[in-house]
Amino acid sequence: MKAILIFLAVLLFPVTFLLGQSAIQKYAGTAMPYPSIKDLPVLNDEGMVPFYINHLGRHGARFPTSGKALERVKGVLILAEQEKRLTAQGRELLVTVLQLSEAFKGKWGELSTVGEQEQKEIAERMLSRYPEIFADSARVEAIATYVPRCISSMNAFLSGMEKQDSSLVIKKSAGKQYDALLRFFDLNKPYVCYKEKGGWIPLYESFVQDKMSVAPVMKRIFLTYGQEIEQEDREFVMALFSIAAILPDTGLSFDIKGIFNDQEWYDYWQTQNLRQYLTKSAAPIGNMLPVAIAWPLLSEFIQTTEKAINGQSDNRANLRFAHAETVIPFVALMGIGETDIQIASSDSVSAYWKDYEIAPMAANVQWVLYRDKNSEVWIKVLLNEQEVSIPVVTSCFPYYRWEEVRHYLKQRIAMSKEILLKPRNETD
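Notes on the structure follow.

Description of the pairing of strand 5 (residues 364-371)
(1) Moving on: Among the 8 residues of strand 5, 7 are classified as buried, and the element is accordingly described as predominantly covered.
(2) Moving on: Pairing between strand 1 (residues 49-58) and strand 5: 8 bridges, direction antiparallel. The residue of strand 5 that forms the bridge with V49 is R371.
(3) Moving on: Bridging between strand 5 and strand 6 (residues 377-383) involves 7 bridges; their strand directions are antiparallel. Within strand 6, the residue paired with W367 across the bridge is V381.
(4) Moving on: Once strand 5 ends, the chain turns through 5 residues before running back antiparallel as strand 6, passing S375 with a positive phi of about 70°.

Topic: the nonpolar core
(1) Moving on: Within the largest apolar cluster, 108 residues are counted, with the highest numbers of intra-cluster contacts made by L77, I221, M334 and W367.
(2) Moving on: Per element, the largest residue contribution to this core is 11 residues, and it comes from helix 13 (residues 230-250).
(3) Moving on: If we ignore the near neighbours within four places in the chain, the residues touching M334 are L298, V365, W367, V381, I390, P391, Y408 and L409.
(4) Moving on: Of all hydrophobic cores here, the second largest spans 31 residues; its members include A142, F321, Y370 and Y399.

A look at the environment of S36
(1) Moving on: Tracing the sequence through the fold places S36 in the loop between helix 3 (23-26) and strand 1.
(2) Moving on: The exposure class of S36 is partly exposed, given its relative accessible area of 37%.
(3) Moving on: For the pair S36 and E121, spaced 85 residues apart in the sequence, the C-alpha separation amounts to 9.8 Å.

Structural notes on empty space enclosed by the protein
(1) Moving on: Scanning all chains against the criterion turns up 1 cavity of 30 Å³ or more.
(2) Moving on: Here the largest cavity is characterised by a volume of approximately 40 Å³.
(3) Moving on: Residue lining of the largest cavity: R125, M126, R129, Y130, Q366, L382 and E385, and that is the complete set.
(4) Moving on: Among the elements that take part in the lining of the largest cavity, helix 6 (residues 113-129) stands out by supplying 3 residues, more than any other.
(5) Moving on: When its residues are assigned to classes, the lining of the largest cavity shows 3 nonpolar, 1 polar and 3 charged.

Let's talk about the environment of Y408
(1) Moving on: For Y408, the location among the structural elements is in helix 20 (residues 402-421).
(2) Moving on: Through-space distance from the C-alpha of Y408 to that of P391 is 8.3 Å; in sequence the pair is 17 residues apart.

Overview of helix 4 (residues 68-82)
(1) Moving on: Counted at 1.5 Å a residue, the expected span for helix 4 with its 15 residues is 21 Å, and the 21 Å between its end C-alpha atoms agrees.
(2) Moving on: Turning to helix 4, its buried residues number three or more, namely L70, V73, K74, L77 and A80. Angular distribution of buried residues about the axis of helix 4 spans 135°; they occupy a single face of the element. For helix 4, the exposed residues lying more than 90 degrees away from the buried face are K68 and Q82.
(3) Moving on: Along its buried surface, helix 4 packs onto helix 5 (88-103), helix 12 (215-221) and helix 13.

Things to note about the pattern of salt bridges
Once their charged atoms are close, side chains differing in charge can pair, the charge on each being opposite to the other.
(1) Moving on: Inspection of the entire model under this criterion finds 17 salt bridges.
(2) Moving on: K105 is the salt-bridge partner of E102, the closest N and O atoms lying 3.1 Å from each other. Each member of the pair, E102 as well as K105, is classed as exposed.
(3) Moving on: Its salt-bridge partner being E264, residue R220 comes within 2.8 Å of it at the nearest N-O pair. You can see R220 sitting in helix 12 and its partner E264 sitting in helix 14 (residues 262-280), a full 44 residues away along the chain.

Some remarks on the layout of surface pockets
In this approach, a probe sized like a water molecule rolls over the atoms, and the result shows the empty space that is left.
(1) Moving on: The volume enclosed by the largest pocket comes to roughly 1700 Å³.
(2) Moving on: Surrounding the largest pocket, 48 residues form its lining, T65, S242, Y268, Q272 and R275 being those nearest its centre.
(3) Moving on: Those elements giving two or more residues to the lining of the largest pocket turn out to be helix 4, helix 9 (184-187), helix 10 (189-197), helix 11 (200-211), helix 13, helix 14 and helix 17 (324-334).
(4) Moving on: With 9 residues, the top contributor of residues to the lining of the largest pocket is helix 13.
(5) Moving on: Looking at the lining of the largest pocket, its residues break down into 20 nonpolar, 13 polar and 15 charged.

Details of the pairing of strand 2 (residues 139-144)
(1) Moving on: As defined by bridge partners, strand 2 adjoins strand 3 (residues 169-174) across 6 bridges and the pair is classed as parallel. Among the inter-strand pairings, I143 is bridged to a residue of strand 3, identified as S173.
(2) Moving on: Relative to strand 4 (residues 315-322), strand 2 is paired through 6 bridges, and the arrangement is parallel. Bridging across to strand 4, A144 finds its partner in F321.

Quick word on unusual backbone geometry
(1) Moving on: In this model, F397 is joined to P398 through a cis peptide bond whose omega is 15°.
(2) Moving on: Look at A362: it is not a glycine, yet its phi comes out positive at around 65°.
(3) Moving on: As for its placement among the helices and strands, A362 is situated in the loop between helix 19 (355-358) and strand 5.
(4) Moving on: The buried category is assigned to A362, whose relative accessible area is 1%.
(5) Moving on: For E385, which is not a glycine, the phi torsion comes out positive at approximately 70°.
(6) Moving on: Tracing the sequence through the fold places E385 in the loop between strand 6 and strand 7 (386-387).

A closer look at the packing of aromatic side chains
(1) Moving on: This model, assessed by the stated rule, comprises 23 aromatic pairs.
(2) Moving on: Ring geometry for Y27 versus W269: centroids 5.4 Å apart, planes at 35°, classification tilted. Taken as a pair, Y27 in the loop between helix 3 and strand 1 and W269 in helix 14 lie far apart in primary sequence, 242 residues in all.
(3) Moving on: Since its relative accessible area comes to 1%, W269 is described here as buried.
(4) Moving on: Ring centres of Y266 and W269 lie 5.7 Å apart, and the angle between their planes is 35°; this geometry places the pair in the tilted category.

Basis of the calculations
- All residue numbers here refer to positions counted from 1 along the written sequence of the relevant chain.
- Local features in this predicted model are restricted to residues whose pLDDT is 70 or higher, and side-chain atom pairs enter the listing and the counts only when it is 80 or higher, whereas totals over whole chains, interfaces and linings include all residues.
- Computation of side-chain values: all heavy atoms of the structure, hydrogens and water removed.
- Per-residue accessibility, obtained with a 1.4 Å probe over protein chains only, is compared with the maximum for each type, and a residue is labelled buried under 20%, exposed over 50%, and partly exposed between these values.
- Helix and strand labels come from DSSP, where a helix needs a run of H or I of at least four residues and a strand needs a run of E of at least two; each type is numbered from the N terminus.
- Whether two strands pair comes down to DSSP finding at least two bridges between them.
- As used here, the term nonpolar core means buried Ala, Val, Leu, Ile, Met, Phe, Trp, Tyr and Cys residues forming a set that is joined through side-chain atoms within 4.5 Å.
- Only heavy atoms matter for contacts: two residues are in contact if any of them lie within 4.5 Å across the pair.
- Throughout, the protein atoms alone are placed on a 1 Å grid, and a set of points is a cavity if a 1.4 Å probe fits but cannot get out or a pocket if it is open with protein on both sides within 12 Å along at least five of seven lines; lining residues have an atom within 4 Å of a point.
- Grid points are joined across faces, edges and corners, and a volume is the space filled by probe spheres set on the points.
- Ten residue types, Ala, Val, Leu, Ile, Met, Phe, Trp, Tyr, Cys and Pro, are classed as nonpolar, four, Asp, Glu, Lys and Arg, as charged, and the remainder, Gly among them, as polar.
- A helix's residues, less one, multiplied by 1.5 Å, set its expected span.
- Along the arc lie the directions from the helix axis toward the C-beta atoms.
- Each reported salt bridge corresponds to a side-chain nitrogen of Lys or Arg within 4 Å of a carboxyl oxygen of Asp or Glu.
- Two aromatic rings from Phe, Tyr or Trp, using only the six-membered ring of Trp, form a pair when their centres are within 6.5 Å; if the ring planes differ by under 30 degrees the pair is stacked, by over 60 it is edge-to-face, and anything between is tilted.

In structure tokens form, the structure reads like this:
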């Protein structure tokens, strides 16, 4: 019976993961708020006793990181209003955009109340699901990048833990000293060059031109359409999409999703999903460079886990708070659920690789370590609190023998180092 339940849990992962999310909301991609998963069970075998958790989390839901998109949209709408070219829907949109401009002042990039709640609830579930780990004034160590929303996410998560158990002994810190682990995407020069000038850019731009039909959206907003050049129209509509996608994260009551129909939302998501895949995951054009740069974090995960296993550390949990740019490569480097799949056709990416399943707001990876009745060590891997597979043979999924997992992960690290030693052209 348990085998059947496990099979169903794996089979239904994409469905259960999106519990409570509308079809449109998931097409916000990495801007999607963390899904509601309160009622999903955690399957634990008898005799398996959890003793340690290693955790990586993305910051929670936030305000837009800058006013660039909002200013672009506002400027176009104001000019059109002065020229009396706005439809009734366009005038309503302008009013909303002006209100958003005021509401977002001083909050750019900040963690929202939605994001705080996401982190608190993940922490509360962690303690309620694994009480054995956190018994007897357990020690917890947490680190975060220097970015304020990551620090705020760490604080919210720890407050959720303390709400469940005030006896926890918590050590926390944040700063640029953790960049090598948590912001590796800023430090690797070949990767920065790839992100800014790489061969993925023409692939992405061509895909956007094919998928984004901006005329229907423009006609809903403007009485006279076609005065702007096509590129300007596309930039306006993409900016408008990005604003609509982030609004549910802010906790504010504004909503402009109605500007777009379901197919337009899906087409927009496909473009952003492709961009995430090309720049952060295992797209063939990147030759695994965006994934390989995550090896220092994977190595540190192994080291901290080994210390917990061998009694060299008193920590019952190590927590890290970072970014989507941290989580997506890390997940692919581990090979979780075939997230490192290599897809040559841009049109096929959305069928096999979905950014909202990997890195919504507050995304997280958890390694839960267990000892069985013979004191052998096992590991369960969770992505966004769901039990997931890795490419290691096991007879009792979702558990894997730690020794075999460590061997596999060290092979992935060795592979990454080899990749990073290869000479590259600027356009690679």
